[in-house]
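Observations on the three-dimensional arrangement
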Amino acid sequence: MENNKEFRHYLIGFVLATLLTVIPFTLVATVGGKIAFFALILSAILQLIVHLRYFLHLSFKGQQREDLQLVLFTGLILLIMIGGSVWVLGDLYNRM
Amino acid sequence: MSFSIRKSLHPGLNLGEDHGDDRLEAETSVFGFWVFMMSDLVTFGMFFAVFATTMPLACCPGPKELFDLGSVAWQTAFLLASSLTSGMAILTLKQEHASRSASTKKLVFWLLVTVLLGCGFLYREISDFIAMAAAGGPPTRSGYLSALWSLVGLHGLHVTGGLIWCLVIVAGIVVRGVDHRWKLTLLRWAVFWHFLDVVWIAIFSFVFLGGLL
């Protein structure tokens, strides 16, 4: 059934997102250090993709529509602006 | 036209064939809203950038004195659950509201559950802000704290706006039924609500968990 498939789609997204939330919280609360740091970054990126895929229904294959391109372009703008700010001010901070 | 063969037309759950013209009109209006959401994302990005530049100065009081990991976990749970229930509301809209005569009970139920969960989130967030101010961390204390309060506060304001928007939609649905206009409004609101959860992932990972590492 199409209806059940869509419901399951949301449920899968929810379970994945929950897992990707529990893992970093647990690691930061218990282990800490480098492992937690990398797990944190990885889970955040994965959970971002899970939300876009399962809740916002963005498709990652083909060029069906422009919304994925828009996300990627916004990502580029953010990378330049955030990366640039952090780079310049981090450099200033280190020289102070 | 190519419309009919394309599986999905816009971000968020699409209404599907049963909804006729509503579905096609949703393409332009929801896509336009998605463009706005992306510009909002840039705004959030700038608040993140300001926050990141103040992080090396995060001390006295810093994250370890001010953050309550348990409360952040609760807020995350509330928001994630509300994302699921808002998804259930849109699923109900798609599956049961192709004709105007359908009962709105189930749709209103899911929307109200979403509002309740959103209120739970806001309650914990505001309690945290009050506790933080009491522990010596008001926004005027340092550049780091100004950036922290602005970033998390901006997200909190968005959530508040989303909740009010949802209540207006519920009122509209109850009074006028799920007509063409409210359908499109609901689709846009759902995109907005999911987007807020996406921003929250960045906030809890980067600001709270990253701060406590």
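Residues numbered from 1 in each chain as written. Chains lettered and ligands numbered in written order. Predicted model: local features only at pLDDT ≥ 70, side-chain atom pairs only at ≥ 80, totals over all residues. Heavy atoms only, no water.

**Brief notes about the nonpolar core**
The biggest cluster of nonpolar side chains holds 85 residues, and the ones touching the most others in it are B:Trp34, B:Leu111 and B:Leu148. Those elements that place two or more of their residues in this core are α1 (2-30), α2 (33-55) and α3 (67-95) of chain A together with α1 (21-54), α3 (69-96), α4 (105-134), α5 (143-176) and α6 (180-212) of chain B. Tallying contributions element by element places α6(B) first for this core, with 21 residues. Both of domain 1 (1-57) and domain 2 (62-96) of chain A provide at least three residues apiece to this core. (Core = buried A, V, L, I, M, F, W, Y, C linked by side-chain atoms within 4.5 Å. Buried < 20%, exposed > 50% of the residue type's maximum accessible area, 1.4 Å probe, protein only. Helix = DSSP H or I, 4+ residues; strand = E, 2+ residues; numbered from the N terminus. Domains from an automatic or database assignment.)

**Examining α4(B)**
Over its 30 residues, α4(B) extends 43 Å from the first C-alpha to the last, a length consistent with the 44 Å expected when each residue adds 1.5 Å. B:Gly136 lies just past α4(B) and shows a positive phi near 90 degrees. (Expected span 1.5 Å × (residues − 1).)

**A closer look at the interface of chain A and chain B**
Every contact between the two is made by 42 residues of chain A and, on the other side, 45 residues of chain B. Here chain A and chain B share an interface that buries about 3,800 Å² over both sides, 79% of which is from carbon and sulfur atoms. The tally of links between chain A and chain B comes to one salt bridge. With a shortest N-O distance of 2.3 Å, B:Lys94 and A:Glu6 are connected by a salt bridge. The interface formed by chain A and chain B contains three residue pairs in polar contact (both at pLDDT 80 or more). Among the secondary structure elements, those contributing two or more residues to the side of chain A that touches chain B are α1, α2 and α3 of chain A. With 13 residues, α1(A) is the largest single contributor of residues to the side of chain A that touches chain B. Residue composition of the side of chain A that touches chain B, grouped by class: 27 nonpolar, eleven polar and four charged. (Contact = heavy atoms within 4.5 Å. Buried area = accessible area lost by both parts, 1.4 Å probe. Salt bridge = Lys/Arg side-chain N within 4 Å of Asp/Glu carboxyl O. Polar contact = N/O pair within 3.5 Å; in protein donor to acceptor, adjacent residues only side chain to side chain. Nonpolar A, V, L, I, M, F, W, Y, C, P; charged D, E, K, R; others polar.)

**Overview of empty space enclosed by the protein**
Empty space among the atoms becomes apparent when a probe as large as a water molecule is rolled across them. All names here are of chain B. All told, the structure shown has one cavity of 30 Å³ or more when counted by the stated rule. Taken as a whole, the largest cavity holds about 50 Å³ of empty space. Of all the elements, α6 adds the most residues to the lining of the largest cavity, at four residues. Residues belonging to the lining of the largest cavity are distributed by class as follows: eight nonpolar, three polar and no charged. (1 Å grid on protein atoms, 1.4 Å probe; cavity = no way out; pocket = protein on both sides within 12 Å on 5 of 7 lines; lining within 4 Å. Points joined across faces, edges and corners; volume = space filled by probe spheres on them.)

**A word on the environment of B:Thr160**
Residues and elements named next belong to chain B. Along the chain, Thr 160 turns up in helix α5. Residues Thr 160 and Cys 119, 41 residues apart in the sequence, show an inter-C-alpha distance of 8.3 Å. Separated by 2.8 Å, the side chain of Thr 160 and the backbone oxygen of Gly 156 make a polar contact.

**Some details on the layout of surface pockets**
When its volume is computed, the largest pocket comes out at roughly 1,200 Å³. As for the largest pocket, its lining consists of 34 residues, and the residues nearest its centre are A:Ile45, A:Leu48, A:Leu78, A:Ile82 and B:Ala202. Of all elements in the fold, only α2 and α3 of chain A together with α1 and α6 of chain B reach the threshold of two or more residues within the lining of the largest pocket. Grouping the constituent residues of the lining of the largest pocket by class yields 29 nonpolar, five polar and no charged. Counting contributing residues per domain, the lining of the largest pocket is built from domain 1 (1-57) and domain 2 (62-96) of chain A, each supplying no fewer than three.

**Regarding the confidence of the model for chain A**
For chain A, the average pLDDT comes to 89, and 94% of its residues sit at 70 or higher. α3(A) is the least confidently modelled element of chain A, averaging 91 in pLDDT, while α2(A) averages 93, the highest of any element. (pLDDT = per-residue confidence, 0-100.)

**Remarks on the environment of B:Lys106**
All names here are of chain B. Within the secondary structure layout, Lys 106 lies in helix α4. Taking the C-alpha atoms as reference points, Lys 106 and Ala 73, separated by 33 residues in sequence, lie 29 Å from one another. Not counting residues within four places of it along the chain, the set of residues in contact with Lys 106 comprises Thr 92 and Glu 96.

**Examining the confidence of the model for chain B**
Keep in mind that low pLDDT regions are not for reading the predicted coordinates in detail. Here chain B shows a mean pLDDT of 91. Residues at 70 or above account for 96%. The low-confidence segment residues 1-5 of chain B (pLDDT under 50) makes five contacts with residues lying over four places distant or belonging to another chain.

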